[in-house]
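In case you want the letters, here they are:
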Amino acid sequence: MKILLVEDDRKTSETLVEALSDQSFVVDVAFDGETGWQMIQANQYSLILLDVMLPQLDGIRLCRSIRSRGLTIPIIMITARSSTVDKVIGLDSGADDFIAKPIDLLELFARIRVWQRREQGLKQVDTILKWENLELNLDTYEVTYNQHPVQLTPKEYALLELMIKNGRRVLSRGAIIENIWDIADSPSEYTVKAHLQSLRNKLIAVGASDDLIETVRGVGYRLK
């Protein structure tokens, strides 16, 4: 899941990026509303975390701009002001949810998971992605193959999640980079290949076939 965080407080943004990255989310950051708007137009995001008080273009006006263009990206507004009036203004501008500062990280993760399930078309109780004998738990970040646990790095987990969600669709290395790396840390295609090989080896070690992750020459990768 790729998230855009629009937050001008550097300390807050650093804390949130570190916490969200530890939960296997990919996070891009904008420190003002204008930059945030440019990034929204240039990239695809699954969720926006939007501070209300921003320089150049505040969160309320940015939210209105997003909705006026017909974009339906879920928006969780971050606000130091939690009055009913402020929430009504935010909801009327197009926000989907609110979280107050100081941010409780466990509450934030729970709220994000709600929108993640909606994006995936999953029921509240259905948090397991499956591909034959492979299972990935979206709540606990646990992966098993034939009930054997598979210990993955955050990037390997994100890569496997992306592939399960896309099923037989072939993913190019460029598409993989766009979905699981942030703008500031875009890797080479060789790095992607190395992560795929490591993921393959870990799955093979618990009994998966060596071609569970299939290479489609000249195109990309998919699950077999």
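The structure we're discussing is the one just above.
What you see is a predicted model; the values in this text were computed from it and never measured.

Helix and strand counts for the protein come out as eight helices and eleven strands. The globule rule puts the C-alpha radius of gyration for 224 residues at 17 Å, and the 19 Å found for the protein is close to it. Overall, the protein is about 55 × 35 × 30 Å in size when its C-alpha atoms are taken along their principal axes. The burial tally for the protein puts 47% of its 224 residues in the buried class. Sequence-distant contacts, at least 24 apart, represent 57% of the contacts inside the protein between residues at least 6 apart. If you sum the accessible surface of the protein, you get close to 11500 Å²; carbon and sulfur atoms cover 48% of it.

Quantified by volume, the second largest pocket comes out at close to 170 Å³. Taken together, 13 residues line the second largest pocket, and the ones lying closest to its centre are Y141, E142, Q151, L152 and Y157. Counting only elements with at least two residues in the lining of the second largest pocket, the list comes to β9 (148-150) and α6 (154-166). In terms of residue class, the lining of the second largest pocket is made up of seven nonpolar, four polar and two charged.

The sheet built from five strands is open, its strands ordered β2-β1-β3-β4-β5 with parallel pairing. The sheet is open, and its two edges are formed by β2 (26-30) and β5 (97-100), each paired on a single side. Across the sheet, the axes of successive neighbouring strands diverge by a mean angle of 20°, strand direction being ignored. As paired elements, strand β3 (residues 47-51) and strand β4 (residues 75-79) share four bridges and run parallel to each other. Residue pairing across strands places L50 opposite M77, the latter belonging to β4. The strands touched by helix α1 (residues 10-22) within the sheet are β1 (2-6), β2, β3 and β4, with β2 carrying the most contacts at an inclination of about 165°.

Cut-off values and rules
- Residues numbered from 1 in each chain as written.
- Predicted model: local features only at pLDDT ≥ 70, side-chain atom pairs only at ≥ 80, totals over all residues.
- Heavy atoms only, no water.
- Helix = DSSP H or I, 4+ residues; strand = E, 2+ residues; numbered from the N terminus.
- Rg over C-alpha atoms; globule rule 2.2 N^0.38 Å.
- Buried < 20%, exposed > 50% of the residue type's maximum accessible area, 1.4 Å probe, protein only.
- Contact = heavy atoms within 4.5 Å.
- Areas by Shrake-Rupley, 256 points an atom, 1.4 Å probe, with all protein chains shown as cover.
- 1 Å grid on protein atoms, 1.4 Å probe; cavity = no way out; pocket = protein on both sides within 12 Å on 5 of 7 lines; lining within 4 Å.
- Points joined across faces, edges and corners; volume = space filled by probe spheres on them.
- Nonpolar A, V, L, I, M, F, W, Y, C, P; charged D, E, K, R; others polar.
- Pairing = 2+ DSSP bridges.
- Axes fitted to C-alpha atoms, helices over the stretch in contact; angles between N-to-C directions.

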